[in-house]
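Examining the three-dimensional arrangement
What follows is each chain in one-letter form.
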Amino acid sequence: MSEDLKCLSCDAATCSLLEKAKKEKIETVWDRAEAMQPQCGFGEMGLCCTNCGMGPCRIVKVSEDGPKKGICGADEDTIAARNLARAVAAGSAAHSDHGRDIAHALYYAAKNPESGYKVKDSQKLISLAREWGIETENLDEKEIAAKVAELALQEFGKPFGHLRFTERAPKDRLDIWNKMNVTPRAIDRDIVEVLHSTHIGCDADYRNIMMKATRAALCDGWGGSMIGTELSDILFGIPQPHEIEANLGVLKEDEVNIVIHGHEPTLSEAILVAVNDPELIELAQKQGAKGINLVGMCCTGNEIAMRHNVPMAGNFFQQELAIVTGAVDAMVVDVQCIMPALSQVAKCYHTKLITTSPKAIIPGAIHMQFDEARAVESAKRIVQEAVLNFKNRTGNIFIPEIKSKGFVGFSNESIISALDGVTNSFAHPQGTVKPLVDAIKSGVLRGAVAIVGCNNHKVPQDKGHVELAKELIKNDVLVVTTGCGAYACIKEGLMTKEAANLCGKGLSTVCELVKIPPVLHMGSCVDISRILLLLSEVAKYMNVDIKDLPVAGAAPEWMSEKALAIGTYVVASGVYTMLGVAPQITGSENLTRFLTEDVENIYGGKFHIESDPKKAAQKILEHIEAKRKALGI
Ligand code: SF4
Ligand code: SF4
């Protein structure tokens with residue numbers, strides 16, 4: 001592997017396929033990033049505004065000359081805050097629309113047998129119904145499911161009150177949100193209010209703009225994402241720990257390879273049923289394949305890996321390279337994080353890029369609309385298209401023999417049940433976070449950090465995730481991870497029992513006793529709501545607020561607006577949050593100071609920007625020790 005490629009990625013499979021891409025003159029994300037240099041300084045600092053037809057306007061910071069205000073008079077603080085708020089609203093909208101689709105699928109499970117959706121975890125359904133005040137005694141499962149789905153859908157546009165799931169937060173947290181007027185009310189409403197306020201001639205106060213962005217972000221974490229996760233568990237099952245394979249080496253030369261890429265498990269679960277259909281397997285064999293190999297990419301890959309034995313093929317920056325192997329017969333996509341460039345790459349091979357959602361059409365791709373009302377039937381048609389494409393392979397195939405194994409499936413329920421394994425059942429109640437709290441209090445575990453988010457060309461692929469995780473576990477800090485960060489960690493072998501060898505003595509002992517790896521895969525990006533709930537449980541058990549816990553969040557390679565929404569709701573939930581890439585706000589000193597300093601006095605959490613993973617780890621460790629000291633532990 002050339003040294004140049006190592007600067008782009010620290011993943012060996014990625015580097016070997018980049019060499020193939022280069023030879024075959026396939027343009028990748030890194031080529032386009034290079035062509036984009038130098039990137040526009042106005043945009044980079046958040047000082048370009050296109051919010052009205054009088055613009056575009058830009059604020060000049062690098063010299064005394066040049067405009068200091070937009071044509072309407074908006075200054076650097078207003079422009080940077082409006083841009084950030086709109087990005088947060090977009091991220092919140094993406095996660096929340098995902099949650100809405102899952103709620104619709106639950107409704108189909110109750111009302112439409114042709115959809116193929118069924119309730120898999122009736123216990124979780126009943127428990128959520130009771131939490132939401134639904135009288136379950138005289139209702140059958142379908143009636144309960146319909147009522148839960150209806151209430152979930154009302155969360156998007158109810159005219160009064162606040163989101164139901166906010167009641168799950170510790171009381172002190174709710175008090176802070178109420179005082180700041182950021183308690184989320186209805187998901188669509190709070191997102192719309194950001195768009196309204198950031199229209200020309202509306203809100204010009206950067207702090208007030210950020211208050212609205214925060215409320216929209218909380219609608220994501222404690223609303224849309226939490227609805228997505230909870231209802232997905234009800235429909236498709238609560239994840240349980242199991243071992244799976246990861247990286248592009250999971251593609252198989254002698255089978256029909258289908259990569260499922262995007263986000264929503266409504267599609268991937270139906271595709272999973274379809275690839276196991278005996279008629280389609282027979283059809284694949286008739287085409288000369290040994291079978292059908294379904295693999296996942298990005299967050300849909302996380303969803304399906306957490307619940308089933310579907311390998312995790314790759315993260316955000318590996319999507320083009322999966323096609324470059326020449327072995328992908330179809331890449332089936334739904335929504336979010338799907339590079340439009342895929343259709344060009346697919347054209348250079350035999351791969352069929354199949355879009356399935358009316359929300360994400362890509363020119364050059366084949367569109368086969370996924371009909372949730374007839375989910376399995378729809379999925380079978382898509383799988384058939386992939387199977388029939390096997391015979392069109394060109395022979396120019398290279399699958400790197402690189403894959404690793406790791407344990408995934410750490411839902412809160414499975415973490416608590418693992419903790420029960422070290423509870424003295426005579427002396428203490430089962431089903432609580434007590435053993436985790438005991439380990440933190442005793443200092444065996446110094447704290448816990450969530451490493452989440454994407455890949456970004458501004459950081460060598462996976463390096464930010466992996467180096468940060470290694471530094472933290474070495475210092476007895478438990479790491480939980482989701483999204484594309486989870487791929488980086490599993491590819492590096494950090495989700496194995498052997499990874500305990502990389503830990504400090506305390507964490508390795510905990511791993512051995514509880515039988516967990518030091519890095520826990522907690523799912524997709526919407527599953528960060530699981531982390532919020534775990535934090536709430538621990539805080540309530542310790543009788544403190546989330547902001548008092550020795551924990552932190554990190555997004556070392558973030559890139560999407562969803563990641564900005566996540567960061568915002570995590571900070572507003574009281575968590576210190578490290579960003580490995582600077583957000584586009586640095587042109588406004590006031591806004592930057594507000595987000596990296598002042599918000600701590602409001603929410604107890606704040607952002608810190610640090611691109612060097614070792615320095616980031618150091619700052620996080622200092623933060624954790626300061627929180628421990630304040631707690632007197
Ligand atoms: S809203 Fe103001 S700053 Fe933005 S483009 Fe219009 S005039 Fe320019
Ligand atoms: S972590 Fe980022 S790149 Fe990966 S799927 Fe989530 S939002 Fe997309």
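Residues numbered from 1 in each chain as written. Chains lettered and ligands numbered in written order. Predicted model: local features only at pLDDT ≥ 70, side-chain atom pairs only at ≥ 80, totals over all residues. Heavy atoms only, no water.

1. Things to note about the site of ligand 2
- In the vicinity of ligand 2 lie 13 residues, with Cys-337, Gly-453, Cys-454, Cys-484 and Cys-525 positioned nearest.
- A molecule is said to occupy a pocket when more than half its atoms come within 2 Å of that pocket's grid points, and by this definition ligand 2 occupies the largest cavity.
- Grouping the constituent residues of the shell around ligand 2 by class yields eight nonpolar, four polar and one charged. (Near = heavy atom within 4 Å. 1 Å grid on protein atoms, 1.4 Å probe; cavity = no way out; pocket = protein on both sides within 12 Å on 5 of 7 lines; lining within 4 Å. Sits in = over half its atoms within 2 Å of the grid points. Nonpolar A, V, L, I, M, F, W, Y, C, P; charged D, E, K, R; others polar.)

2. A word on the side chain of Asn-247
- Along the chain, the position of Asn-247 falls in the loop between strand 3 (242-246) and strand 4 (256-261).
- Every residue in contact with Asn-247, bar those within four places of it in the chain, is listed here: Asp-11, Ala-13, Met-312, Ala-313, Gln-318, Ile-402, Lys-403 and Lys-491. (Helix = DSSP H or I, 4+ residues; strand = E, 2+ residues; numbered from the N terminus. Contact = heavy atoms within 4.5 Å.)

3. Section: the layout of surface pockets
- If you add up the space inside the largest pocket, you get close to 670 Å³.
- Lining the largest pocket are 31 residues; nearest its centre among them are Gln-39, Asn-456, Lys-458, Met-559 and Gln-584.
- Going through the elements one at a time, helix 3 (29-35), helix 4 (41-44), helix 5 (76-111) and helix 23 (561-572) are the ones with two or more residues in the lining of the largest pocket.
- Element by element, the count of residues in the lining of the largest pocket is highest for helix 5, at four residues.
- For the lining of the largest pocket, the per-class residue count stands at 16 nonpolar, 10 polar and five charged.
- Estimates place the volume of the second largest pocket at around 410 Å³.
- Residue assignment for the lining of the second largest pocket shows that the elements contributing at least two residues are helix 6 (122-131), helix 17 (412-420) and helix 22 (528-542).
- Residue classes in the lining of the second largest pocket are distributed as four nonpolar, four polar and nine charged. (Points joined across faces, edges and corners; volume = space filled by probe spheres on them.)

4. Side note on the sheet that holds strand 16 (residues 607-609)
- In space, the six strands of this open sheet follow the order 13-12-11-14-15-16, with parallel pairing throughout. Looking at the sheet topology across the chains shown, the edges are occupied by strand 13 (519-523) and strand 16. The mean angle between the axes of side-by-side strands here comes to 25 degrees, regardless of whether they run parallel or antiparallel.
- Pairing geometry for strand 14 (residues 551-555) and strand 15 (residues 576-579), over four bridges, is parallel. Across the sheet, the residue bridging to Ala-552 is Tyr-576, located in strand 15. (Pairing = 2+ DSSP bridges. Axes fitted to C-alpha atoms, helices over the stretch in contact; angles between N-to-C directions.)

5. Some remarks on the packing of helix 11 (residues 265-275) against helix 13 (residues 298-307)
- Following both chains from N to C, one finds helix 11 and helix 13 inclined at 55 degrees, their axes separated by 9 Å at the closest point. The pairing of helix 11 with helix 13 is recorded here as oblique in orientation. The hand of the helix 11/helix 13 crossing is right-handed. When helix 11 is examined against helix 13, the residues Pro-265, Ser-268, Glu-269 and Leu-272 are found in contact with a partner set consisting of Thr-300, Glu-303, Ile-304 and Arg-307.
- Split by residue class, the contact of helix 11 with helix 13 holds three nonpolar, two polar and three charged. (Parallel < 35°, antiparallel > 145°, perpendicular 65-115°, else oblique. Left-handed = near helix turned anticlockwise from the far one by under 90°.)

6. Section: helix 18 (residues 434-442)
- Those residues of helix 18 not exposed but buried are Lys-434, Pro-435, Leu-436, Val-437, Ala-439 and Ile-440.
- The secondary structure elements touched by the buried residues of helix 18 are helix 17, helix 21 (505-514), helix 22 and helix 25 (613-631). (Buried < 20%, exposed > 50% of the residue type's maximum accessible area, 1.4 Å probe, protein only.)

7. Structural notes on the packing of aromatic side chains
- This model, assessed by the stated rule, comprises six aromatic pairs.
- When the centroid spacing of 6.2 Å and the interplanar angle of 65 degrees are considered together, the rings of Tyr-117 and Phe-236 count as edge-to-face. Of this pair, Tyr-117 sits in the loop between helix 5 and helix 6 while Phe-236 is found in helix 10 (residues 206-236), placing the two residues 119 residues apart along the sequence.
- The class of Tyr-117 is buried, set by a relative accessible area of 6%.
- Here the aromatic rings of Trp-132 and Phe-165 are separated by 5.2 Å at their centres, their planes lie at 45 degrees, and the arrangement is tilted. Of this pair, Trp-132 sits in the loop between helix 6 and helix 7 (141-154) while Phe-165 is found in the loop between helix 7 and helix 8 (171-180), placing the two residues 33 residues apart along the sequence.
- What links up through ring pairs into an aromatic cluster is the set Trp-30, Phe-316 and Phe-317.
- Above the face of the Trp-132 ring, Arg-164 is positioned so that its terminal group lies 5.7 Å from the ring centre. (Phe/Tyr/Trp six-rings, centres within 6.5 Å; stacked < 30°, edge-to-face > 60°. Lys NZ or Arg CZ within 6 Å of the ring centre and 35° of its normal.)

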